[in-house]
Amino acid sequence: MAKAYSNIATIILLFLLSMSLRFHQTLATQKNNGKHSLVLGLTNSRASLPIPSASKSSIKKPSETLDMMEPLREVRDGYLISLNIGTPTQVIQVYMDTGSDLTWVPCGNLSFDCMDCDDYRSNKLMSNFSPSRSSSSSRDTCASSFCLNIHSSDNPFDPCTMSGCSLSTLLKSTCSRPCPSFAYTYGEGGLVTGILTRDTLKVHGSSPGIIREIPKFCFGCVGSTYREPIGIAGFGRGSLSVPSQLGFLQKGFSHCFLAFKYANDPNISSPLVIGDVAISSKDNLQFTPMLKSPMYPNYYYIGLEAITIGNSSLTEVPLSLREFDSQGNGGLLVDSGTTYTHFPEPFYSQLLSILQSTITYYPRAKEVEERTGFDLCYRVPCPNNTFADDLFPSITFHFLNNVSLVLPQGNHFYAMSAPSNSSAVKCLLFQSMDDGDYGPSGVFGSFQQQNVEVVYDLEKERIGFQPMDCASTASAQGLHKKLF
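As the structure is a prediction and not an experimental result, all values here were calculated from the model.

Considerations on the confidence of the model for the protein
At step 1: Taken residue by residue, the protein gives an average pLDDT of 81. The fraction at 70 or more is 79%.
At step 2: Residue range residues 41-66 is modelled with pLDDT below 50. Its contacts to residues more than four positions away, or to other chains, number 85 contacts.

Next comes the structure, spelled out in structure tokens:
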């Protein structure tokens, strides 16, 4: 999920993937871009999340509501947010992804088809949206800027011209013909095809019973995918993204990802905040500037200057991790949709060599490396089959503007299984980039962002970091129980 784009080859693939989606078309109320604060909840729950029943008096328009909160769950490879869409509300679990713009959901109870998704066949998270069961659902039209945006890899007028729109209506943005089907690809090879849809999105207030309605929220109703079994909420800066449609592009958002060990706890969540609250009173954070990528201007790039392993001297990183070349390649992408942090070669191998020379007190577990695909695994003692404090060296990232982030314990070496015979194997959860010199030079993944408050100040174009016990923070905010 590191990067998303559309291209001609993708559009050809569109015709190779069958889709059959039927839309119940009604007229939805006009969108209102309220610009207050939105607080969502990041929760590591595998239990089903109920939708609150709200009386008419508890439903607020955006201009009447301040902070808002939603439960969100952690799974094995990311964080999920609950999208409450339609009338009546349908609940769809999707990934929160800062590395893309489009929000999409699987559509059709029986018609949704995911190719090469065998690992997810029995996954209960694969809930689908049915537009025919929503009285507020409608298909987007060629008059919409979102339609032009989703088809912008080539001349954006081409698809609507083939649909029968005249040049006059295209130039005036008045063509009422349905927006043609789209194809959307992801940097790791994933592909989705679908139709742009409008419907009411409901998000919950920080006070019990308060609901904010977002009329005509635009998202992809997807019928066929390749390697993308679960929908995505795009948190980039493009017009289709969640922050953009909620009206917060001039403000910002923040999150504090719970540690992976809470993945099975149904009663804990942590905040994902959007709006003024996210960026106010953050003077104690260190901020590094966002880099403007000429290739992917809607995504969040920062510059990495060096890495420190334990008490060793600084290890400088290649220039490509803090600047772009003439084609726009380079930079470190901050991406919640990519699980592990990636670094380019040969720097990645150099990092492994430094760690190997430092860690001489644990035996290597090469059989686990071969089985898991991770490059550096060690067998650590666990007295009485209980995890104890290990001796792995700290890893510190040094970003531009003299910003340093010591990765919290457990964000680099992590146990592959429970202790057995008084020992366990822990592996380094970093990986090498496999895209060569194209796109970002590195990716700062969500696993390494656990127990770190990450603040995206979009107004000042900077990102702040602060190590934090996200579980304790959630408890202090009353998030150690189900929100609704």
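Quick notes on the pattern of salt bridges
At step 1: This structure, assessed with the given rule, holds 10 salt bridges.
At step 2: One salt bridge in this structure joins R227 and D116, with 2.7 Å as the shortest N-O distance. Taken as a pair, R227 in the loop between β12 (211-226) and β13 (231-234) and D116 in the loop between β8 (113-115) and β9 (138-139) lie far apart in primary sequence, 111 residues in all.
At step 3: Of the charged contacts, one joins K292 and E461 as a salt bridge, the two residues approaching to 3.6 Å between their closest N and O atoms. Taken as a pair, K292 in the loop between β16 (286-289) and β17 (301-302) and E461 in the loop between β29 (452-457) and β30 (462-467) lie far apart in primary sequence, 169 residues in all.
At step 4: When its relative accessible area of 64% is taken as the criterion, K292 is described as exposed.
At step 5: Classification of E461 by relative accessible area gives partly exposed; the value is 33%.
At step 6: Connected through salt bridges with shared partners, the residues R237, K292 and E461 form a single ionic network.

Side note on the pairing of strand β26 (residues 423-428)
At step 1: Here β26 lies mainly inside the structure; six of its six residues are buried.
At step 2: Residues S423, V425 and C427 line one face of β26 and the alternating positions A424, K426 and L428 line the opposite face, and both faces are buried.
At step 3: Of the strand pairs in this sheet, strand β22 (residues 377-381) and β26 are connected by five bridges, and their pairing is antiparallel. Each residue of the ladder has a partner; that of P381, found in β26, is S423.
At step 4: When strand β25 (residues 413-415) meets β26, the two strands line up antiparallel, connected through three bridges. Bridged to A415 within β26 is K426.

Regarding the state of the cysteines
At step 1: Applying the stated rule across the entire model yields seven disulfides.
At step 2: Between the sulfur of C147 and that of C179 lies a disulfide, 2.2 Å long from S to S. The chirality of the disulfide connecting C147 with C179 is right-handed, given an S-S dihedral of about 90°. Of this pair, C147 sits in helix α2 (residues 145-150) while C179 sits in the loop between α4 (167-172) and β10 (182-186); the two residues are 32 residues apart in sequence, bridging distant segments of the chain.
At step 3: The buried category is assigned to C147, whose relative accessible area is 1%.
At step 4: Disulfide pairing places C256 opposite C470 at an S-S distance of 1.9 Å. A torsion of -85° about the S-S bond marks the disulfide between C256 and C470 as left-handed. One end of the pair, C256, is in strand β14 (residues 252-256); the other, C470, is in helix α9 (residues 470-476), and 214 residues separate them in sequence.
At step 5: Taking relative accessible area as the criterion, C470 reaches 0% and is therefore assigned buried.
At step 6: We note that C218 lacks a disulfide partner, and the nearest cysteine sulfur, in C179, lies 7.8 Å from it.
At step 7: With a relative accessible area of 0%, C218 lands in the buried category.

So, how was this worked out
Residues numbered from 1 in each chain as written. Predicted model: local features only at pLDDT ≥ 70, side-chain atom pairs only at ≥ 80, totals over all residues. Heavy atoms only, no water. pLDDT = per-residue confidence, 0-100. Contact = heavy atoms within 4.5 Å. Salt bridge = Lys/Arg side-chain N within 4 Å of Asp/Glu carboxyl O. Helix = DSSP H or I, 4+ residues; strand = E, 2+ residues; numbered from the N terminus. Buried < 20%, exposed > 50% of the residue type's maximum accessible area, 1.4 Å probe, protein only. Pairing = 2+ DSSP bridges. Disulfide = S-S within 2.5 Å.

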